Amino acid sequence: LRFLPQLDREANLTSSVAILPLPPQNATVEPGTGCQVAGWGTQRSGGRLSRFPRVVNVTVTPEDQCRPNNVCTGVLNRRAGICQGDGGTPLICNGLGHGVASFSIGPCGQGPDFFTPVALFREWIDGVLNAPPPGPA
Ligand SMILES: *[C@@H]1O[C@H](CO)[C@@H](O)[C@H](O)[C@H]1NC(C)=O
Ligand SMILES: *[C@@H]1O[C@H](CO)[C@@H](O)[C@H](O)[C@H]1NC(C)=O
Ligand SMILES: *[C@@H]1O[C@H](CO)[C@@H](O)[C@H](O)[C@H]1NC(C)=O
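Because the structure is a prediction, the values reported are computed rather than measured.

**What to know about the overall build of the protein chain**
A count of helices and strands for the protein chain gives 1 helix and 6 strands. In sequence order, the secondary structure elements of the protein chain are arranged as β-β-β-β-β-β-α. The globule rule puts the C-alpha radius of gyration for 137 residues at 14 Å, and the 16 Å found for the protein chain is close to it. The burial tally for the protein chain puts 29% of its 137 residues in the buried class. Taking all contacts inside the protein chain whose residues are at least 6 apart in sequence as the whole, residues at least 24 apart take part in 60%.

Here's what the structure looks like:
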């Protein structure tokens, strides 16, 4: 792995900077589960990035509204969800980082939103984190 993103200094844990635990390998998140997604993305297609992170409660969709290798969410009764600039932001379900924002279909907020399922990559993530630091390129 050539480009491993790393912080340039130690993070200090505070009330607003915390560690997000990841799910075990292959853990699933049930349709109907309430989750949260937060990010600096736009509030509508073509809008401006937000000046502060915004958070929205979302619900894991039934499998027939998703794809086998994603976790998907939607918001009932109003238009909300991930939008431009939110790619890569975490989906937090039951206190675990179950997803990484990937894409949605159509205009922002129509749902469903598709997330990379972190649980399918947990062992790979641990392997990268535990590997010796990369040498000079
Ligand atoms: C965390 O605190 C240390 C010691 O005060 C400081 O040097 C460092 O810059 C801080 N890190 C961040 C990301 O603010
Ligand atoms: C995860 O699922 C894959 C595919 O079904 C399987 O090969 C692997 O052994 C599972 N790993 C764990 C830790 O459950
Ligand atoms: C979002 O969900 C959390 C936890 O379930 C709840 O405490 C909070 O009131 C909800 N916020 C909104 C705006 O619905």
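There's more to say after this.
**Re the site of ligand 1**
Near ligand 1, the surroundings consist of Arg 9, Glu 10 and Asn 12. Backbone polar atom of Glu 10 to a nitrogen atom of ligand 1: 3.0 Å apart, as the coordinates give it. Notes on ligand 1: free accessible area 360 Å², of which the protein chains cover 36%.

**A few points about the side chain of Thr 89**
Checked against the element boundaries, Thr 89 lands in the loop between β3 (71–74) and β4 (90–93). A relative accessible area of 11% means that Thr 89 is categorised as buried. Within the structure, the side chain of Thr 89 is placed 2.3 Å from the backbone oxygen of Ala 38, a separation counted as a polar contact. Apart from residues no more than four positions distant in its own chain, Thr 89 is found in contact with Val 37, Ala 38, Gly 39, Gly 99, Val 100 and Ala 101.

**Brief notes about a nonpolar patch on the surface**
Residues Leu 13, Val 17 and Ile 19 make up a contiguous nonpolar surface patch of roughly 300 Å² in combined accessible area. Of note, Leu 13 is situated in the segment before β1 (34–39).

**Re the nonpolar core**
Counting 13 residues, the largest nonpolar core has Cys 35, Val 37, Val 58, Leu 91, Cys 93 and Phe 115 as the members making the most contacts within it. Elements supplying a minimum of two residues to this core: β1, β2 (54–60) and β4. The biggest single contributor to this core is β2, with 3 residues. When near neighbours in sequence (up to four residues on either side) are disregarded, Val 58 contacts Thr 33, Gly 34, Cys 35, Gln 36, Val 37, Thr 73, Gly 74, Val 75 and Leu 91.

**Digging into the pattern of salt bridges**
Tallied over the entire structure, the rule returns 2 salt bridges. In this structure, the salt-bridge partner of Arg 9 is Asp 8, at a minimum N-O distance of 3.2 Å. With respect to class, Arg 9 is no different from Asp 8; both count as exposed. With its nearest N and O atoms 3.0 Å apart, the salt bridge here joins Asp 126 to Arg 122. Here Asp 126 and its partner Arg 122 are both found in helix α1 (residues 122–130), 4 residues apart, which amounts to about one turn of the helix. Arg 122 sits in the partly exposed class, given a relative accessible area of 22%.

**So, the site of ligand 2**
Close contacts around ligand 2 come from Gln 25, Asn 26 and Glu 123, and that covers them all. Between ligand 2 and Asn 26, the relevant distance is 2.3 Å, taken from an oxygen atom to a side-chain nitrogen or oxygen of the residue. Against a free-state accessible area of 360 Å², the protein chains account for coverage of 25% of ligand 2.

Rules of the game
Residues numbered from 1 in each chain as written. Chains lettered and ligands numbered in written order. Predicted model: local features only at pLDDT ≥ 70, side-chain atom pairs only at ≥ 80, totals over all residues. Heavy atoms only, no water. Helix = DSSP H or I, 4+ residues; strand = E, 2+ residues; numbered from the N terminus. Rg over C-alpha atoms; globule rule 2.2 N^0.38 Å. Buried < 20%, exposed > 50% of the residue type's maximum accessible area, 1.4 Å probe, protein only. Contact = heavy atoms within 4.5 Å. Near = heavy atom within 4 Å. Polar contact = N/O pair within 3.5 Å; in protein donor to acceptor, adjacent residues only side chain to side chain. Areas by Shrake-Rupley, 256 points an atom, 1.4 Å probe, with all protein chains shown as cover. Patch = residues over 30% accessible without salt bridge, like charges linked within 9 Å, V, L, I, M, F, W, Y side chains within 5 Å. Salt bridge = Lys/Arg side-chain N within 4 Å of Asp/Glu carboxyl O. Core = buried A, V, L, I, M, F, W, Y, C linked by side-chain atoms within 4.5 Å.

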